[in-house]
Amino acid sequence: MFGIEFFVALFVTAIIVYFIRKKFAPNKKIEEAQLRQKDTKRNMKIERRKQQNKEVK
């Protein structure tokens, strides 16, 4: 079967991956939130323009 070295290496690798993901996850959430807010504002402007164009016609 597998030796103790294999399980130790697997455990250490899992810990490293966990902390790397933990470090980068908050940055992605902040960027996504800002993009969503920008998209929302842009979509609202587009909708306003469409409504104004319908009223003019």
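For the structure itself, look to the data block above.
Computed from a prediction, not measured in an experiment: that's the story for all the values here.

Novice: Explain the packing of aromatic side chains here, please?
Specialist: Each pair of aromatic rings is reported with the distance of its centres and the angle of its planes. Counted by the stated rule, this structure contains 2 aromatic pairs. When the ring of Tyr 18 is compared with that of Phe 19, the centres are 5.2 Å apart and the planes differ by 75°; the resulting orientation is edge-to-face. A residue is classified by how much of its surface remains accessible, and Phe 19, at 48% relative accessible area, is partly exposed.

Novice: Explain the pattern of salt bridges to me, please; I cannot follow it from the model alone.
Specialist: A side chain with one charge can pair with a side chain of the opposite charge if their charged atoms come near. According to the stated counting rule, one finds 2 salt bridges in the structure shown. Here Lys 50 makes a salt bridge to Glu 47, at a shortest N to O gap of 4.0 Å. Highlighted residues: Lys 50 and Glu 47, both in helix H1 (residues 4-56), separated by 3 residues, approximately one helical turn. We classify Glu 47 as partly exposed; its relative accessible area is 42%.

Novice: Help me understand a nonpolar patch on the surface in this model?
Specialist: Taken together, Ile 4, Val 8, Phe 11, Val 12, Ile 15, Ile 16, Tyr 18, Phe 19, Ile 20 and Phe 24 make up a surface patch of nonpolar side chains, about 1,000 Å² in accessible area. Mapping Ile 16 onto the fold places it in helix H1.

Novice: How should a positive patch on the surface be read in this particular structure?
Specialist: Together, Lys 41, Lys 45, Arg 48 and Arg 49 line one region of the surface with positive charge. Relative to the helices and strands, Arg 48 resides in helix H1.

Each value, and the rule that gives it
- Residues numbered from 1 in each chain as written.
- Predicted model: local features only at pLDDT ≥ 70, side-chain atom pairs only at ≥ 80, totals over all residues.
- Heavy atoms only, no water.
- Phe/Tyr/Trp six-rings, centres within 6.5 Å; stacked < 30°, edge-to-face > 60°.
- Buried < 20%, exposed > 50% of the residue type's maximum accessible area, 1.4 Å probe, protein only.
- Salt bridge = Lys/Arg side-chain N within 4 Å of Asp/Glu carboxyl O.
- Helix = DSSP H or I, 4+ residues; strand = E, 2+ residues; numbered from the N terminus.
- Patch = residues over 30% accessible without salt bridge, like charges linked within 9 Å, V, L, I, M, F, W, Y side chains within 5 Å.
- Areas by Shrake-Rupley, 256 points an atom, 1.4 Å probe, with all protein chains shown as cover.
- Lys, Arg positive; Asp, Glu negative; His and termini not counted.
- Charge placed at Lys NZ, Arg CZ, Asp CG, Glu CD.

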